[in-house]
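# Structural description and commentary
Residues per chain, in single letters:
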Amino acid sequence: MEKALSLAYRYLSFRPRTIKEMELHLQKKSQKYGFTLAEIEATIELLKNQGFLNDEEFIKSFIASRNSLKPKGRKVLEIELRRLGVSQIDYTNYFSENTEDEEGLAKKALQKKIKSLSAIMDEKKRYEKAISFLLRRGFSYDIARQTYLQLTQK
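Residues numbered from 1 in each chain as written. Predicted model: local features only at pLDDT ≥ 70, side-chain atom pairs only at ≥ 80, totals over all residues. Heavy atoms only, no water.

### Some remarks on the pattern of salt bridges
Per the counting criterion, the structure on display carries nine salt bridges. Note that Arg15 and Glu21 form a salt bridge whose closest N and O atoms lie 2.6 Å from each other. Classification of Glu21 as buried rests on a relative accessible area of 11%. The partner of Glu78 in a salt bridge is Arg74, with the nearest N and O atoms 2.8 Å apart. Taken together, the residues Glu78 and Arg74, both in helix H5 (residues 74–83) and four residues apart, mark about one turn of the helix. What makes Arg74 partly exposed here is its relative accessible area of 34%. Among the charged side chains, a network of salt bridges with common partners joins Arg15, Arg17 and Glu21. (Salt bridge = Lys/Arg side-chain N within 4 Å of Asp/Glu carboxyl O. Buried < 20%, exposed > 50% of the residue type's maximum accessible area, 1.4 Å probe, protein only. Helix = DSSP H or I, 4+ residues; strand = E, 2+ residues; numbered from the N terminus.)

### Description of the nonpolar core
A general trend in soluble globular proteins is that nonpolar side chains are found buried together. Judged by nonpolar contacts, the single largest core of 14 residues is most densely connected at Ala106, Leu110, Ala130, Phe133, Leu134, Phe139 and Tyr148. Elements with a minimum of two residues in this core: helix H7 (102–117), helix H8 (123–136) and helix H9 (141–152). Per-element tally for this core: the top contributor is H7, with five residues. Membership of the second largest hydrophobic core comes to 13 residues, among which are Ala8, Leu12, Met22 and Phe35. (Core = buried A, V, L, I, M, F, W, Y, C linked by side-chain atoms within 4.5 Å.)

### Comments concerning helix H4 (residues 55–69)
Taking 1.5 Å per residue, 15 residues should reach 21 Å; H4 reaches 21 Å between its end C-alpha atoms and fits that length. If you follow the buried residues of H4, they end up packed against helix H2 (19–33), H5, helix H6 (88–97) and H7. For H4, the side-chain oxygen to backbone nitrogen distance between the N-cap and Glu56 is 3.1 Å, and the N-cap itself is Asn54. (Expected span 1.5 Å × (residues − 1). Contact = heavy atoms within 4.5 Å. Polar contact = N/O pair within 3.5 Å; in protein donor to acceptor, adjacent residues only side chain to side chain.)

Below, the structure written as structure tokens:
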């Protein structure tokens, strides 16, 4: 179990992880180092008790970092969290308790992009590119349209 724990600490040293990510990592490493499923489960339980693995805290930090670096809409955040192994119940609970200011996030995302879009002379083309940019980031069409209109009318 010492080897599994040491590998787990090393894996956690880069960034916080979900329980599922840690489980998959240790299963992969068990092929090389030969520890059992029981050792993996014991290691994960120990990490939970020590506070290193907590999916609720992971969701909070993940969304906070996403919103500060690359603002994205709720739909895309849910997909990314699901891909990282967070259960649907956990992220649904988070979003029901914490309402994100999607309009503010869309505005923040588009403000960075609007500079490069200003080189496009055709207004219709600029509008289409801005809207599709925000849609790819997971914002609804209504929020994307409203944000674009707000930023271009100033």
